[in-house]
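As a plain string of letters, each chain reads:
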Amino acid sequence: MMTNLVTLSNVTYKRNLKIIIDHLNLQLPQNNIIGLLGANGAGKTTLMRLISGVVPNYKGTIRIGTATTNTARKQVASFSQILTGVQPNARLTEIANYCDTLYSDFSIDVFEKIIASLDLDGTEKLSALSKGNRMKCVLAVTLARRVSLYLLDEPFDGIDSMTRKRLIKSMLTWKPDNATILISDHHVEDIANILDQVVILKHQMVISQKSAEEIREKDGLSIETYYENIYEGGVDHDQSHDNL
Ligand SMILES: Nc1ncnc2c1ncn2[C@@H]1O[C@H](COP(=O)(O)OP(=O)(O)OP(=O)(O)O)[C@@H](O)[C@H]1O
């Protein structure tokens, strides 16, 4: 049986009177790679921020393992917005040392191994990195925290296909056993073959959650087609039973 790592119950989040997340319920199992899909503005980044513990005012409950408060969740989830606020002039090794002081779970050893495997030079300054190299750095810093949950918000945005493959390989290599990765990406097909599950967000809510295997084998669809069908107002046949 799958153990749930993350549970959101009845979570509502408003910003300037606008509802961004509406009575959302979601459970994410342990040791899974989960794709978070949805159009621009669907709320993917907001959902990750809520789970990671950086959003102060929301209604409902959010739990990662036994961590329920924002402070406790920050300790057990590594969010890819980790470089926000880092001095652009900092060198990569300085960033790692800084993260090491911030997070007791940070592994400088893992960070160094990841950047070496991605051909990044630790003496480079963050501000001097190309977009692709910056993304490599983001992934290295995020994964160097040894935690049970990783929240990766569009980690391959604007990345060429070869670099993307290397980043995906790195992610799979360095994911701790039993950890869960929630990953958003606008190009579903890029990550489809590594996903265990797909969660689709629309209209401030989760409109579908399904295992990737079920989509491929039972529904006979690619994840991309499944996503487009659901998003365009198609019906999840398993939920309606009208395909019987
Ligand atoms: N700082 C903010 N103030 C007001 N509204 C915001 C703010 N940040 C996000 N929103 C709104 O919240 C909604 C969800 O935004 P969010 O960035 O979470 O979506 P997303 O699915 O990550 O989008 P994208 O795919 O474009 O990154 C949007 O309607 C957006 O306009």
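Because the structure is a prediction, the values reported are computed rather than measured. (Residues numbered from 1 in each chain as written. Predicted model: local features only at pLDDT ≥ 70, side-chain atom pairs only at ≥ 80, totals over all residues.)

**Here's the deal with the overall build of the chain**
Inclusion rule: Helix and strand definitions follow DSSP, with helices as H or I runs of at least four residues and strands as E runs of at least two, each counted in order from the N terminus. The quantity called the radius of gyration is restricted to C-alpha atoms. Its globule counterpart is 2.2 Å times the number of residues to the power 0.38. Labels follow a simple rule on C-beta atoms placed from the backbone: if 20 or more others lie within 10 Å of a residue's own, it is buried; if 12 or fewer, it is exposed; otherwise it is partly exposed. Contact between residues is assigned whenever the C-beta positions, reconstructed from backbone atoms, fall within 7 Å.
Counting secondary structure elements, the chain contains 10 helices and 9 strands. For the chain, whose C-alpha radius of gyration is 18 Å, the value lies close to the compact-globule estimate of 18 Å for 244 residues. Taken along the three principal axes of its C-alpha coordinates, the chain extends 60 × 40 × 35 Å. Across the 244 residues that make up the chain, the buried fraction comes to 35%. The contacts of the chain with a sequence gap of at least 6 include a subset with a gap of at least 24, amounting to 68%.

**Brief notes about the nonpolar core**
Applied cut-off: For our purposes the nonpolar core covers buried Ala, Val, Leu, Ile, Met, Phe, Trp, Tyr and Cys residues that link as a set through C-beta atoms within 7 Å.
Judged by nonpolar contacts, the single largest core of 66 residues is most densely connected at I51, A140, V141, A144, L151 and V198. Sorting elements by how many residues they give to this core places helix α5 (residues 131-144) first, with 8 residues. When neighbours within four sequence positions are excluded, L151 is seen to be in contact with M48, I51, S52, A77, F79, S80 and L182.

**Brief notes about the packing of α5 against helix α6 (residues 161-174)**
What counts, and what does not: Only the stretch in contact is used when a helix axis is fitted, and all axes are lines through C-alpha atoms; the angle between N-to-C directions ranges over 0 to 180 degrees. Small angles under 35 degrees read as roughly parallel and large ones over 145 as roughly antiparallel, with 65 to 115 read as roughly perpendicular and the rest as oblique.
Interaxial distance between α5 and α6 falls to 11 Å at its minimum, and their mutual angle equals 5°. Judged by the inter-axis angle, α5 sits roughly parallel to α6. Each of G132, M135, K136, L139 and L143 in α5 lies in contact with α6, whose residues at this interface are T163, L167, S170, M171 and W174.

**Considerations on the sheet that holds strand β3 (residues 33-37)**
Our working definition: For two strands to pair, DSSP has to find at least two bridges joining them.
Judged by pairing direction, the sheet is mixed, and its 6 strands sit side by side in the order β5-β6-β7-β3-β8-β9 without closing on themselves. Two strands close off the open sheet at either side, each with one partner strand: β5 (77-79) and β9 (205-211). Neighbouring strand axes in the sheet, compared pairwise and without regard to direction, differ in orientation by 15° on average. Pairing geometry for strand β6 (residues 149-153) and strand β7 (residues 180-184), over 5 bridges, is parallel. Counterpart to Y150 in the pairing with β7 is I181.

**So, the sheet that holds strand β2 (residues 18-29)**
Read from one edge of the open sheet, 3 strands run β2-β1-β4, paired in antiparallel fashion. Whereas interior strands pair on both sides, the edge strands pair on one side only; in this sheet they are β2 and β4 (59-64). When the angles between neighbouring strand axes are averaged without regard to direction, this sheet yields 15°. Two strands pair when backbone bridges link them, and strand β1 (residues 4-15) and β2 are joined in this way by 8 bridges, in the antiparallel orientation.

**Considerations on the site of the ligand**
The cut-off we apply is this: Any residue whose backbone-placed C-beta atom lies within 6 Å of a molecule or strand is treated as near that molecule or strand. Following the grouping adopted for this structure description, the nonpolar residues are Ala, Val, Leu, Ile, Met, Phe, Trp, Tyr, Cys and Pro, the charged ones are Asp, Glu, Lys and Arg, and the polar ones are all others, Gly among them.
Close contacts around the ligand come from R15, N16, I20, G38, N40, G41, A42, G43, K44, T45 and T46, and that covers them all. Of the residues belonging to the shell around the ligand, the class tally is 2 nonpolar, 7 polar and 2 charged.

**Observations concerning the UniProt feature "domain: ABC transporter" (unreviewed entry) in the chain**
We count it as follows: UniProt positions are given in the numbering used here, feature names are shortened, and annotations may be inferred rather than shown by experiment.
Here, UniProt's "domain: ABC transporter" (unreviewed entry) annotation points to residues 6-228. With 37% helix and 26% strand, residues 6-228 has end C-alpha atoms that lie 26 Å from one another.

**Description of helix α9 (residues 223-231)**
What counts is decided by this rule: Picture the helix axis, draw a direction to every C-beta atom, and the arc is the one those directions span.
When α9 is considered as a whole, its buried residues turn out to be I223, Y226, Y227 and I230. Down the axis of α9, the buried set is contained in an arc of 100°. They therefore lie on one face. Immediately beyond the C-terminal end of α9, within one or two residues, lies G233, with a positive phi of roughly 95°.

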